Amino acid sequence: MSNLSTQHQYDFQEEEISLHDYLRILFRGKWIIFISFFISVLISGYVAFTMSPVYEASTLIMVSPRQGQAGMLFQDPFMSSNYFKINNEIEILKSEYLARNVIDYLKNCSISDSLFFLGNKKYAKKGVNFSTIPGLLKDFLKNLLTKETESDIVIQDTLNRNLVRALKGSMEIESIRNTEAIKVKVSSIDPKEAAFIANTIVREYYKMDTDFNLAEVVEIKSFIEEQINTIQKDLMKAEENLQNYQKEKGVYSLQETAKTLIEQLSTFEATYYSAMADLEVLKQKLENQEKELNAREKWVVKEAMNTSNPYISQLRTAIAEFEAEKIKVMTTQGIGPEHEAISEMNTRIRELKNKLFEESKNLTSLGLSPEEQSQISLELMRNVLFNKINIIGLETKTKEYKRLVDQYNIKLNSLPKKNLDYIRLERERQVKEKYYILLKTKHQESRITEASKISSIRIIDPAVPPEWPVKPKKKLYLLLGMFLGVGLGVGITFLREYFDNSIYTTEHMQEIGLETISIIPKIDEKNALEKVKHLKKSKREEDFLKDRMITHYDPKSSVAEAYRTLRTNIQFINPDNPIKSLVITSAGPGDGKSTTTVNIGIAFAKLGKKVLLIDGDLRKPVQHKVFDIPKSPGLTDGLMMDLKDEKIIRKTEVENLFVVTAGQIPPNPSEILASRKLQEYVIRMKEEYDIVLVDSPPVVAVTDASIISKFTDAIFLVVKAGSTDKRVLGRALDILSQVKCPLAGGILNGVNISSGYGSYYYYYNSAYQYNDDNQKSKKYQQRRKNK
């Protein structure tokens, strides 16, 4: 017995965890995992089958590029990017202005009374109605959480803020990659309503886009109409003046040279007035655009076109020079815009305008922080820059044609005075006539554009009511509930394992430094008690402790077999010097030391050995209750009153098993147990009996076990699986090692063999002992007879 006097160290070492350990932990927490799984699936199923359905309807629209005047002048890669164009439209679709237009339409439509979105129709929810809170409490919470004044409510009702937020929350706008298409999705608890609202959004968006495109056309048309009225009056006056002059002077024709001169002059002058009209239209458009810019954005545009920058100034000058050169070539050489030389010059002018725009943009980076930028404001600022650059060309064009008109006026004045007045009147009439025809043509074009109501939006797929809801996804909810339940259960199991310092396995005992002698399964008290009552033919409640004598009443049980294995292991601890007296104790109360003592005694008695069981727990004795015998006289009575052994030693219902009860509880148990009388008594009993068992109090609570172990052969420490704390057991080992007790090992008691712990160890330790108990008992009895 090499470890009887070994000093045990209480030292927790880092444990190597194997897959088998993980499986044991999971198996031990199987009920936690199952309950977590069941509750999670139940909750997710309830949510999935009672949640209000959400239907999603979608419509597909195609966005065509808007053709403004700036876009027709030159093509800029930055301007024509699909990224900005599509994102601009997405921002418009998300705007509150569009949302309010949609809400106004919904409120005034014929089916507004049946719309869930407006709150005019309530959805009957399934499941438990949690809104059945007492009215006063509900009103109190509402008033506590919502601090709105009457004026705030009026403002919200006027601006439809809650409905706007609800509409924007139910919308989802997404662009389809590498296309100019946008998909608009709307969610609602009713499929028809989802489709209706989606189509309403697109319809209002189409209307707003059409109005936007027509705004410029209407403005230009109004300006042209004003000019037509003025020019028409001037033309009539010019014609009247010419007719009066002809009648008065009798001049009705011109010479060929004068006729050619006046035709050229009238052409240039008409072109000049046309350029002036275009310049006025563009300036009017620019003025309207600048009104939409805030002060910060106006400053940015001004800085972008700042002429103090040398490079920008050079680009502006180059554009003006090329425009002047183009007009000069066209007028001197008599070629039109389709000529190759003019086309090359136009290309060069567009390149210069592109460079000017890029340089202006790079100088300021459009001058706004990311927080100040939006796609709509950026596009508006770019259009302002384009128009400012375009004005440079138009101003140059008007100057050049004004210069040509002045030159031809000088030539005209050099003609004979006789025809000079007639030529001036004819020139004025022709100029007014050509200008009038030009304005009439543009007026007709604007009317056609206005009547056509051209929009850059095309509705490809109108929304239709969906067949199935997108939420709740019942299968997904249930699947997530399953995974969540299992995960939560596993997490709780491992968390409990992490914070659990209890002893469960022999490995746990070895970590602390205690060698395991045997493993005892947990007693099924209900079945054991039924066995006792059946065998004793008794129904007394006093027999409830008899179930601890399981080795006697149920010898074929797995627990009884474990105790027989323990008996064998005790015999083979030191074959050369067999153990004849031993102390059974535990680290703390409730670990099963008394039950273990009783069954070890029964197991040795069944083998034919004469066994004496001494109840040395003088604080909370229990053996007299187990064997249903009087507590006195007992051990304390015999030691203090010097009673004979026959007075305190009692037979039990188990053959060869004798018991000495505790007797009267003394005020000083430790002094009695440390007395020489008890030592002499135990030594004398070792001579009369084959084995003496002493049931002693827990080690950590009192020192009784340490005292008794000094005059016995060995001491066994009972550890209850799942109950004994590692720290308490370590403390008990330290106490025993300090007094150099003959610690033989530990007994792992109360192992649940149906859980992840115990079954492997139990069968491993007991398998070899199962078949030869009777044979060993017979051999032992034969040797006693021979002696």
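Refer to the structure above for everything that follows.
All of these numbers come straight from a predicted model, not from anything done at the bench.

### Overview of the overall build of the protein chain
Part 1 of the argument: A count of helices and strands for the protein chain gives 30 helices and twelve strands.
Part 2 of the argument: When the 787 residues of the protein chain are sorted by exposure, 46% land in the buried category.
Part 3 of the argument: Taking as baseline every contact in the protein chain between residues at least 6 positions apart, the subset at least 24 positions apart corresponds to 83%.

### Some remarks on the sheet that holds strand β10 (residues 691-695)
Part 1 of the argument: Across the sheet, which stays open at both edges, the eight strands sit in the order β5-β12-β11-β6-β10-β7-β9-β8 with mixed pairing between neighbours. Two strands lie at the open edges of the sheet, namely β5 (516-521) and β8 (649-651), each paired on one side alone. Averaged over all adjacent pairs, the angle separating strand axes in this sheet is 25°, with direction ignored.
Part 2 of the argument: Relative to strand β12 (residues 743-751), strand β11 (residues 714-720) runs parallel, the two sharing six bridges.

### Thoughts on the pairing of strand β6 (residues 581-586)
Part 1 of the argument: Counted residue by residue, β6 has six buried out of six residues, so it is predominantly covered.
Part 2 of the argument: Here β6 shows a buried face lined by S581, V583 and T585 and a second buried face lined by L582, I584 and S586.
Part 3 of the argument: Here four bridges tie β6 to β10, and the two strands are oriented parallel to one another. Its bridge partner lying in β10, L582 is registered against L693.
Part 4 of the argument: Alignment of β6 against β11, held across five bridges, turns out to be parallel. Within the sheet, the bridge partner assigned to I584 lies in β11 and is F716.

### Section: unusual backbone geometry
Part 1 of the argument: The step from K471 to P472 runs through a cis peptide bond, and the omega angle for that step is -5°.
Part 2 of the argument: With respect to the helices, strands and loops of the structure, P472 is situated in the loop between β4 (457-461) and α16 (474-499).
Part 3 of the argument: In this structure, the amide linkage connecting S632 to the following residue, P633, adopts the cis form with an omega of -5°.
Part 4 of the argument: Along the polypeptide, P633 turns up in the loop between α22 (623-626) and α23 (635-641).
Part 5 of the argument: Here N656, not a glycine, exhibits a phi torsion of approximately 75°, which is positive.
Part 6 of the argument: Secondary-structure assignment places N656 in the loop between β8 and β9 (657-660).
Part 7 of the argument: Positive phi, close to 55°, is recorded for K740, a residue that is not glycine.
Part 8 of the argument: Inspection of the secondary structure puts K740 in the loop between α28 (726-738) and β12.
Part 9 of the argument: On the basis of relative accessible area, K740 is assigned to the exposed category, the value being 66%.

### Observations concerning the pattern of salt bridges
Part 1 of the argument: Taken as a whole and judged by the stated rule, the model has 16 salt bridges.
Part 2 of the argument: Of the charged contacts, one joins R676 and E680 as a salt bridge, the two residues approaching to 3.3 Å between their closest N and O atoms. Remark: E680 and R676 occur in helix α26 (residues 676-688); sequence separation between them is four residues, near one turn of the helix.
Part 3 of the argument: Accessibility expressed as a relative area gives 61% for R676, which makes it exposed.
Part 4 of the argument: Of the charged contacts, one joins K686 and D713 as a salt bridge, the two residues approaching to 3.1 Å between their closest N and O atoms. Of the two residues, K686 sits in helix α26 while D713 sits in the loop between α27 (704-708) and β11, which places them 27 residues apart along the sequence.
Part 5 of the argument: For D713, a relative accessible area of 23% gives the class partly exposed.

Here is what the cut-offs are and how they apply
- Residues numbered from 1 in each chain as written.
- Predicted model: local features only at pLDDT ≥ 70, side-chain atom pairs only at ≥ 80, totals over all residues.
- Heavy atoms only, no water.
- Helix = DSSP H or I, 4+ residues; strand = E, 2+ residues; numbered from the N terminus.
- Buried < 20%, exposed > 50% of the residue type's maximum accessible area, 1.4 Å probe, protein only.
- Contact = heavy atoms within 4.5 Å.
- Pairing = 2+ DSSP bridges.
- Axes fitted to C-alpha atoms, helices over the stretch in contact; angles between N-to-C directions.
- Salt bridge = Lys/Arg side-chain N within 4 Å of Asp/Glu carboxyl O.

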